[in-house]
Amino acid sequence: MRYAILSDIHSNLEALQAVLEHLRAQGGADALWCLGDIVGYGPDPEECLRVLRELEALTIAGNHDWAATGDVDTSYFNPDAASAAHWTAAQLTAESLEYLKTLPLTLRQEPFTLVHGSPRDPIWEYVVSQSIAQANFPLFNTPYCLVGHSHVPLVFRLESASGRATLMELPQEAPLKMGAERLIINPGGVGQPRDGDPRASYAVYASKEMAIYHFRVPYDIATTQQKMRRLGLPPRLAQRLSYGR
Ligand code: ZN
């Protein structure tokens, strides 16, 4: 079986469509997993939700999904993110808001636990350092964990010899082979990459090979930016898409 792993789509329809086209060209997937933050920042929240629901994606909640439903207070957000969150909430239909409210915080899909932030704090914590990963390994009981939230494609490995967590970029040149050592994997962000590469980032888990394939997909950034400017979304949110920061 092949599972597509998408995270942090952030209402970016051009990025989502480019990823889905790329996925189809690779032979598609048997299932689609989404690690949260479907909405927030970008110009097409309703459309992105429609596409994911049509594809019956298995989805968990992210902090921006909860901001749209009012389940988290946007005073925790920076001013641009808060302003985009209020705009997003006003665009969504009652049905979409209801759908976002039903999303679970964590899901177990063997051999993975799926969370947006971290097992310790599924909504807010960024797993971006070895020490944070180290603290989270005891907090899930599947061999591996998939996280999003930071929009940076990373792998943390719990070395069995030392018991320490190590950190590396999620490789693109060759698949990541999953073995006996536990892993926390971030597939990067579809709709707002933040590792300096503006291309959409996603991954495919191939269960037969026990491997994770990581892909970067170019998309029409200018169209997304034009929509954001036209809709009056904060200019900085549109600009950052050019740099992947
Ligand atoms: Zn996000």
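Throughout what follows, the structure given in this document is the object of discussion. (Residues numbered from 1 in each chain as written. Predicted model: local features only at pLDDT ≥ 70, side-chain atom pairs only at ≥ 80, totals over all residues. Heavy atoms only, no water.)

Considering the pattern of salt bridges
Here the idea is simple: oppositely charged side chains can pair when their charged atoms come close. The tally for this structure, following the rule as stated, stands at 13 salt bridges. In this structure, the salt-bridge partner of Asp71 is Lys101, at a minimum N-O distance of 3.7 Å. One end of the pair, Asp71, is in the loop between helix H3 (63-69) and helix H4 (79-91); the other, Lys101, is in helix H5 (residues 94-102), and 30 residues separate them in sequence. Residue classification places Asp71 among the partly exposed residues on the basis of a relative accessible area of 39%. Between Arg216 and Asp197 there is a salt bridge, and its shortest N-O distance comes to 4.0 Å. Here Arg216 is found in strand E12 (residues 211-217), whereas its partner Asp197 is found in the loop between strand E10 (182-186) and strand E11 (200-206), with 19 residues between them in sequence. Of the two residues, Arg216 and Asp197, both sit in the buried class. Each of Asp195, Asp197, Arg199 and Arg216 takes part in one network of salt bridges that share partners. (Salt bridge = Lys/Arg side-chain N within 4 Å of Asp/Glu carboxyl O. Helix = DSSP H or I, 4+ residues; strand = E, 2+ residues; numbered from the N terminus. Buried < 20%, exposed > 50% of the residue type's maximum accessible area, 1.4 Å probe, protein only.)

Brief notes about the sheet that holds E12
Here 6 strands make up an open sheet; going across it, the order is E3-E2-E1-E11-E12-E9 and the pairing mixed. Every other strand in the sheet has two partners, leaving strand E3 (58-59) and strand E9 (176-177) as the edge strands with one partner each. For E9 and E12, the ladder comprises 2 bridges, and the chain directions are antiparallel. Bridge pairing in E12 places Lys177 opposite Ala211. Contacts from helix H1 (residues 13-25) reach strand E1 (2-6), strand E2 (31-34), E11 and E12 within the one sheet, and its direction differs from that of E11 by about 35°. (Pairing = 2+ DSSP bridges. Contact = heavy atoms within 4.5 Å. Axes fitted to C-alpha atoms, helices over the stretch in contact; angles between N-to-C directions.)

Quick notes on the coordination of the zinc ion
All of the protein donors around the zinc ion are Asp8 (OD), His10 (NE2), Asp37 (OD) and His151 (NE2); their distances to the metal are 2.1 to 2.3 Å. One can describe the donor arrangement at the zinc ion as irregular, given that its 4 donor atoms subtend angles of 82 to 177° at the metal. Positions of the donor residues of the zinc ion along the chain correspond to the pattern D-x1-H-x26-D-x113-H. Here His10 is found in the loop between E1 and H1, whereas its partner His151 is found in the loop between strand E6 (144-146) and strand E7 (154-158), with 141 residues between them in sequence. Taking the relative accessible area as the measure of exposure, His151 reaches 1% and is therefore buried. (Donors = N, O, S within 2.8 Å, 3.2 Å for Na, K, Ca; no water. Tetrahedral: all angles 85-135°; square planar, octahedral: opposite > 155°, others 65-115°.)

Taken by themselves, the reported measurements are silent on function.
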